[in-house]
Amino acid sequence: MVLAIVIPCYNEEQALPITAEKLLRLLDRMAAEGLAAPDSYLLCCNDGSRDRTWEVIEELHLRDKRVKGINLAHNRGHQNALLAGLMTVRGHCDAAVSIDADLQDDPEAIVKMVKEFHKGKEIVYGVRSSRDSDTWFKRTSAHAFYSFQKNMGLETVYDHADYRLMSDRALNLLSEYGESNLFLRGIVPQIGLDTAIVTYPRAERVAGESKYPLKKMLSFSIDGITSFSARPMRWIFITGLVLLAVALLVTVYVFISYFYSDHIEAGWASLMLSVWILGSMILIAIGIVGEYIGKIFNEVKHRPRYAIRDTLWD
Ligand code: UDP
Ligand code: MG
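What counts and how
- Residues numbered from 1 in each chain as written.
- Chains lettered and ligands numbered in written order.
- Predicted model: local features only at pLDDT ≥ 70, side-chain atom pairs only at ≥ 80, totals over all residues.
- Heavy atoms only, no water.
- Helix = DSSP H or I, 4+ residues; strand = E, 2+ residues; numbered from the N terminus.
- Rg over C-alpha atoms; globule rule 2.2 N^0.38 Å.
- Buried < 20%, exposed > 50% of the residue type's maximum accessible area, 1.4 Å probe, protein only.
- Contact = heavy atoms within 4.5 Å.
- Pairing = 2+ DSSP bridges.
- Near = heavy atom within 4 Å.
- Polar contact = N/O pair within 3.5 Å; in protein donor to acceptor, adjacent residues only side chain to side chain.
- Nonpolar A, V, L, I, M, F, W, Y, C, P; charged D, E, K, R; others polar.
- Donors = N, O, S within 2.8 Å, 3.2 Å for Na, K, Ca; no water.
- Expected span 1.5 Å × (residues − 1).
- Phe/Tyr/Trp six-rings, centres within 6.5 Å; stacked < 30°, edge-to-face > 60°.
- Lys NZ or Arg CZ within 6 Å of the ring centre and 35° of its normal.
- Right-handed = clockwise from strand over helix to strand, strands pointing away.

What follows deals with the overall build of the protein. Across its full length, the protein carries ten helices and seven strands. Its C-alpha atoms give the protein a radius of gyration of 26 Å, clearly above 20 Å, the size a compact globule of 314 residues would have. When its C-alpha atoms are laid out on the principal axes, the protein stretches across 95 × 55 × 35 Å. Counting all 314 residues of the protein, 45% fall into the buried class. Counting contacts in the protein only where the partners sit at least 6 residues apart, residues at least 24 apart contribute 81% of the total.

To continue, consider the pairing of strand 7 (residues 195-201). By the alternation rule, side chains of strand 7 split into Ala196, Val198 and Tyr200, which are all buried, and Thr195, Ile197, Thr199 and Pro201, of which none is buried. The sheet contact formed by strand 5 (residues 123-130) and strand 7 spans seven bridges and is parallel. Pairing of Arg128 across the sheet is with Tyr200, part of strand 7.

Taken together, 20 residues surround ligand 1, and among them Glu12, Asp47, Asp102, Ser210 and Lys211 come closest. Residue Pro8 places a main-chain N or O atom 2.8 Å away from an oxygen atom belonging to ligand 1. A distance of 3.2 Å is found between an oxygen atom of ligand 1 and a side-chain nitrogen or oxygen belonging to Asn75. Broken down by secondary-structure element, the contributors of at least two residues to the shell around ligand 1 are strand 1 (3-9) and helix 3 (78-89). Taken together, the residues of the shell around ligand 1 sort by class into six nonpolar, five polar and nine charged.

Taken together, Asp102 (OD) and Gln104 (OE1) make up the full set of protein donors to the magnesium ion (ligand 2), lying 1.9 to 2.0 Å away. Note on accessibility: Asp102 and Gln104 belong to one class, buried.

A separate point is helix 9 (residues 231-260). Look at helix 9: 44 Å from first C-alpha to last across 30 residues, which is about the 44 Å you get at 1.5 Å a residue. The secondary structure elements touched by the buried residues of helix 9 are helix 10 (268-300).

A separate point is the packing of aromatic side chains. Following the criterion strictly, the structure yields seven aromatic pairs and no others. Considering the side-chain rings of Tyr258 and Phe259, the 5.3 Å spacing of their centres and the 85 degrees angle between planes classify their relative orientation as edge-to-face. Accessibility expressed as a relative area gives 55% for Phe259, which makes it exposed. Through a chain of ring-to-ring contacts, the aromatic side chains of Phe183, Phe220 and Phe228 assemble into a single cluster. For the cation-ring pair, Lys68 lies above Tyr41, with the distance from its terminal atom to the ring centre recorded as 5.4 Å.

Of all the six residues making up strand 2 (residues 41-46), six are buried; the element is thus mostly covered by neighbouring parts of the structure. Side chains Tyr41, Leu43 and Cys45 of strand 2 all project onto a buried face; the interleaved residues Leu42, Cys44 and Asn46 project onto the opposite face, where all are buried too. Strand direction decides the pairing type here: strand 1 and strand 2, joined by six bridges, are parallel. Counted as the bridge partner of Pro8 is Cys45 from strand 2. Regarding topology, helix 1 (residues 15-32) serves as the crossover connection from strand 1 to the parallel strand 2, and that connection is right-handed. Here strand 2 runs beside strand 3 (residues 67-71); their pairing, made up of five bridges, is parallel. Opposite Cys45, over in strand 3, you have Ile70 as the bridge partner. As for the winding sense of the linkage, the β-α-β connection from strand 2 through helix 2 (residues 53-63) to strand 3 is right-handed.

What follows is the structure in structure tokens.
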């Protein structure tokens, strides 16, 4: 079984030599144990780094041909760099594992993933068993994002980032998703196939610093929701309906005050009614438009409608 390990790299000149060395040793060991073929390899995807990352990849490649590389013309973000890597190894491996360049995800879990692959699993998710090494802030904000996304209708695997194994068949199915707002954690669970989970403790970065500050994390999370769910628009519609119900109560109140109270300002009743009824109607109207936009949003993605797993035809 040929294993490809795909590593997106952005300004990782410090971490990459350590990471490559460690992963090559891991490949040696797996080859010795018969878990992976000796020509298994690493693919480093340089995501338009500003530092010497590409030179480092070239040096590693000269020393050991099992380190392969692709160099993106400019910085396109973690998800796109990862996809570029996965699509490059597609057809040239039996399974691919994606892992960050900073070794925060324990490489030993790759052995467990490959064992699951040998048992017939086609997608194996790496899930963090603890986040003790993350700062309190990173941990709490990440967990808040997970539950917020879930409420917004996005199905993801809890505490799983982009550390996973995918079989070549899974990569082929992934290649049919043509969307450009890429959120792999949401797409991969939609692919189907037999899946498994392996857990590992998350460690500190081996070198360098995080390329995911809060600003990027926030926009990543919003990207995830808006790429998968039109539910926020439905909420506008529902809010409109609730406000319309309130508007009806307000109407009753206005009529009672109008007929039974003797100190009513001129124009108060008509103003009150217009504000409430018009306000809720406008929200409902936006919600209805939203439902259609939601449909368009799903259509333009041209996502595959189904994936056939097995056929019996003779
Ligand atoms: N990365 C990338 N392009 C970017 C930002 C990050 O390819 O624009 C890579 C980075 O080199 C690393 C991975 O994505 O391999 C995850 O980034 P990082 O470890 O900084 O994120 P964190 O673990 O702090 O969330
Ligand atoms: Mg990291």
